[in-house]
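The chain contents come next:
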Amino acid sequence: MSGLISDSDRKKRGVRAVLGSTQFAVFLGVLVAGLGPILWTVKGAISPTRELLTDPLRLYPAAPDWSLLAEAWSRLRIGHFMLNTVVLAGGSWLAQIVVSVMGAYALSVLRPRYGKYVYGAILATLFLPGSVSLVALYLTVLDVGIADTMWAVWLPHAAHAFTVLLMKRFFDGIPRELFGAAQVDGAGPWRMFWYIVLPMSKPVLAVTSLLTIMGAWKDFLWPMVAISDGELHPISVALPRLAEFAEENMVIAGMFMALMPPVLVFIVFQKYIVRGVGFTGVKG
């Protein structure tokens with residue numbers, strides 16, 4: 001917008017009014033799009049089922065009942081499935097961080113002769129939809145013998161091309177003089193990794209951690225396919241199954257409780273996340 005309107009035009013009262021109203025409308029639209037689903041979930045979680053069915057567009061419940069949250073927690077065993085989700089997301093985060101950091105370090109810093117071919121192969125996987133490899137991945141999980149275990153979710157999440165490329169791009173920006181000076185002082189690959197790369201990688205680690213945890217937290221298809229034991233299902237898989245016999249407000253209350261952890265994580269760590277995005281150059 002600043003490139004389309006000159007500074008002299010900005011000083012005109014009519015232009016300022018149009019710009020101000022446009023910015024306010026865009027801000028209001030983004031606010032409604034972002035907070036609308038969350039507020040609707042809160043409203044549905046504390047509303048009686050009869051009211052949800054007879055007046056679904058009501059903005060606020062006539063008789064809000066906050067005890068429905070505690071009732072849904074106990075009746076639907078939300079705590080059990082939330083714990084499963086935490087375990088799955090934590091293991092996926094650890095596996096993906098280790099593989100991504102090591103792979104990016106090898107491609108960006110160590111630079112083996114065959115690195116460009118590996119890099120090209122990693123880039124190629126970004127063009128393949130996840131559903132294409134779903135059957136082959138499931139057959140591999142069966143052959144290895146880790147089906148119906150947490151490992152069936154952790155290990156496939158470890159190989160994620162986007163996080164490898166994101167970290168490689170960040171490592172490429174580290175001055176090469178640092179590695180040269182470290183090698184002159186007798187530092188090997190592991191010492192350079194622990195004392196140079198990792199301490200400087202906090203911003204990209206924050207961004208990658210957020211992407212990994214959010215992706216693992218909301219993942220639905222692969223945990224449902226890889227784990228058939230209902231007691232091991234994460235909340236994203238358990239809620240649709242519970243919706244078959246539970247009341248609507250109980251299910252929405254479970255959705256609200258499942259929604260809160262990632263929202264709180266983003267609110268607490270948003271400063272580090274925004275800073276990390278600036279360092280990595282991620283757009284949009």
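This section reports on the structure supplied with the text. (Residues numbered from 1 in each chain as written. Predicted model: local features only at pLDDT ≥ 70, side-chain atom pairs only at ≥ 80, totals over all residues. Heavy atoms only, no water.)

1. Notes on the pattern of salt bridges
Considering all chains together, one arrives at three salt bridges under this definition. For E231, the salt bridge identified is with R77, shortest N-O distance 2.9 Å. Of the two residues, E231 sits in the loop between helix 13 (221-226) and helix 14 (235-242) while R77 sits in the loop between helix 4 (67-75) and helix 5 (78-110), which places them 154 residues apart along the sequence. Of the residues examined, E231 reaches a relative accessible area of 36% and is grouped as partly exposed. Take R77: its relative accessible area is 36%, and that puts it in the partly exposed class. Between K168 and D172 there is a salt bridge, and its shortest N-O distance comes to 3.0 Å. Taken as a pair, K168 and D172 lie in helix 9 (residues 161-172) at a separation of four residues, close to a single helical turn. (Salt bridge = Lys/Arg side-chain N within 4 Å of Asp/Glu carboxyl O. Helix = DSSP H or I, 4+ residues; strand = E, 2+ residues; numbered from the N terminus. Buried < 20%, exposed > 50% of the residue type's maximum accessible area, 1.4 Å probe, protein only.)

2. As for the side chain of Q96
Looking at where Q96 falls in the secondary structure, it is placed in helix 5. A distance of 3.4 Å separates polar atoms of two side chains, one belonging to Q96 and the other to T163. When near neighbours in sequence (up to four residues on either side) are disregarded, Q96 contacts H157, A158, H160, T163 and T212. (Polar contact = N/O pair within 3.5 Å; in protein donor to acceptor, adjacent residues only side chain to side chain. Contact = heavy atoms within 4.5 Å.)

3. A word on the nonpolar core
A45, L76, I78, M82, I235 and M250 are the most contacted members of the largest nonpolar core, which totals 24 residues. Counting only elements with at least two residues in this core, the list comes to helix 4, helix 5, helix 12 (202-218), helix 14 and helix 15 (248-280). The biggest single contributor to this core is helix 15, with seven residues. Contact partners of I235, with chain neighbours within four places excluded, come to I78, F81, M82, T85 and A258. A104, Y105, V109 and F170 belong to the second largest nonpolar core, which has 19 residues in total. (Core = buried A, V, L, I, M, F, W, Y, C linked by side-chain atoms within 4.5 Å.)

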